[in-house]
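# Summary of the model geometry
Here is how the chains run, residue by residue.
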Amino acid sequence: MDLLIGKPLQWAVTATAGAGFLLFGYDQGVMSGLLTGGAFTAQFPEIDTTKSGHGSASLQGTVVAIYEIGCFFGAIVCFLFSEKMGRRWSIMIGCVVLAIGAALQASAYSIPHLIVGRIVAGLGNGMNTSTIPVWHSELLKADSRGKGLCIELAINIFGVMTTYWVDYGLSFVASDVQFRFPLALQILFAIITFLGVLVLPESPRWLLAHDRNEEARHVIWSLQPNAATLAPSSAALSREIATIHHAITKEREAARSTNTNTLLTNGPQRFLYRTLLGISGQFMQQLSGINLITYYAPVIFEQSVGLSHKLSLLLSGFNGVAYFFSSLVPIWLIDRLGRRKLMLFAAAGQAGCMLVLAATVAHGSKAAGVVAVVVLFLFNFFFAVGLLAIPWLLPAEYAPLAIRTKSAALATASNWIFTFLVVEITPVSIANIKWRTYIYFAVFNALFLPLIYFFYPETRKLSLEQIDKLFEGDKVKLHWTPDLGEVEGVTRPIGFSKTRSRGGRQTTEHVENL
């Protein structure tokens, strides 16, 4: 017996995927407020870089960034094994591993102990972030896929916001609960995600690819908005299943096998091109400089802008609130304006923000500090609108089913290795070249504009099978054209006739229902 069908099931899938990404967001932000906390620096003086401390900025960067190395290897685990395990098992194992890592961090009394905990937690998070967007995308309809992923990433930012306020609230506690409780709280979110995935269905596309056809038919039926009145054996479901089967057959013919070499070939399906688009989307997200702010917001407010510790934590909390509300904007825009326009808007705005931030931090006056704070808030707005959700969505959209798991895992691995780079160098960069740190992020964002404009196809309202057609033929198509067929998310005009009586005469009119 199904617990949920139709729209309630779709919302349950989105909520569970969101819980997994809330955990991801919480993990991203949890260390930011702890690094300058009194209890934390007393326990770990080796990484105390506050004015009264003599710790190593380089070691601090390593302790924070080593988490990304764990995430990177978690993504590689999914690259190697996730296609065999399935989407659900990959996520559930990731949750268990992450919870173990959180427990290790919360119980740490030395730097090596803390580092091991962060690596283990990263391993679990890498598995989750590689798999959740794919599982979520494959369970959603074309006209709600973009919105669903944006909701998932908005919940991710709610996690970032939550950790800022948890860190701020516990900054008034003098004992080591100040940092142990925020680190342990990760376990709660891991349990919620695990239980949600436990009762929800597997991806129907994964089931069909592994010849579990009856299970796939049942899942596809249960996801239909009108499932309560639709027979599982209906012709409409058979057509959808046949479309997916046809796409699987074409991809397997193009790939001949689903081994690692498939990703390194182009051919008629352009596997390499599509994989590289997913990877470059993820490194764009990180080289934009977002984790410069997410991981080190209080540090930036204290060391670059010159604010007090408590005020820095408070502003980080409000920055998280603004960031969360900004992340709601693309929920309504992504399937109206499309992916490309939002990404271009974000890259242009972020480049401008980084230039202004460099100028204000270089100036160093109180007025310039106020402007710097405003620009940090504004940067998060641009990022949330165009580069928060879309780089997580595109690897699952661009990659064909034959390589989707591996391609998404590689894209996620690139995300984490570039996150490691940014988080590792930020403390050292701010300490040594100061305001010039923000200039190279401005340059990176400016370079993203031609990359997005010339290479990224628009996938708005296209089914995953229709997206395949954009990459077929002599040239990659950046937009859907009428000769490719009808867009799934657009209703076709239907004509009908009605009869009216005018002056005793019967007249028939043809009406187009738009």
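How each quantity is defined
Residues numbered from 1 in each chain as written. Predicted model: local features only at pLDDT ≥ 70, side-chain atom pairs only at ≥ 80, totals over all residues. Heavy atoms only, no water. Axes fitted to C-alpha atoms, helices over the stretch in contact; angles between N-to-C directions. Helix = DSSP H or I, 4+ residues; strand = E, 2+ residues; numbered from the N terminus. Parallel < 35°, antiparallel > 145°, perpendicular 65-115°, else oblique. Contact = heavy atoms within 4.5 Å. Nonpolar A, V, L, I, M, F, W, Y, C, P; charged D, E, K, R; others polar. 1 Å grid on protein atoms, 1.4 Å probe; cavity = no way out; pocket = protein on both sides within 12 Å on 5 of 7 lines; lining within 4 Å. Points joined across faces, edges and corners; volume = space filled by probe spheres on them. Buried < 20%, exposed > 50% of the residue type's maximum accessible area, 1.4 Å probe, protein only.

Take the packing of helix α14 (residues 309-327) against helix α15 (residues 329-337) next. Close contact between α14 and α15 brings their axes to 5 Å; oriented N to C, the two are set at 30 degrees. Taken together, α14 and α15 sit at an angle that is classed as roughly parallel. Across the interface between the two elements, Phe325, Ser326 and Ser327 of α14 pack against Val329, Pro330 and Ile331 of α15. By residue class, the composition of the contact of α14 with α15 is four nonpolar, two polar and no charged.

Next up on the list: empty space enclosed by the protein. Inspection of the entire model under this criterion finds four cavities of 30 Å³ or more. Its boundaries defined by the atoms lining it, the largest cavity holds a volume of some 100 Å³. Forming the walls of the largest cavity are 16 residues, and the residues nearest its centre are Gln28, Asn156, Gln285, Phe383 and Leu388. When residues of the lining of the largest cavity are assigned to their parent elements, the largest contribution, four residues, is made by helix α6 (residues 142-170). Counted by class, the lining of the largest cavity contains nine nonpolar, seven polar and no charged residues.

Moving on, we get to the environment of Leu272. In this structure, Leu272 sits in helix α12 (residues 271-287). On the basis of relative accessibility, which here comes to 25%, the residue Leu272 falls in the partly exposed class. For Leu272 and Ser407, which are 135 residues apart along the polypeptide, the C-alpha to C-alpha distance reads 9.2 Å. Once residues within four sequence positions are removed from consideration, Leu272 is found in contact with Leu263, Leu264, Thr265 and Asn266.

In short, shape yes, function no, at least from these values alone.
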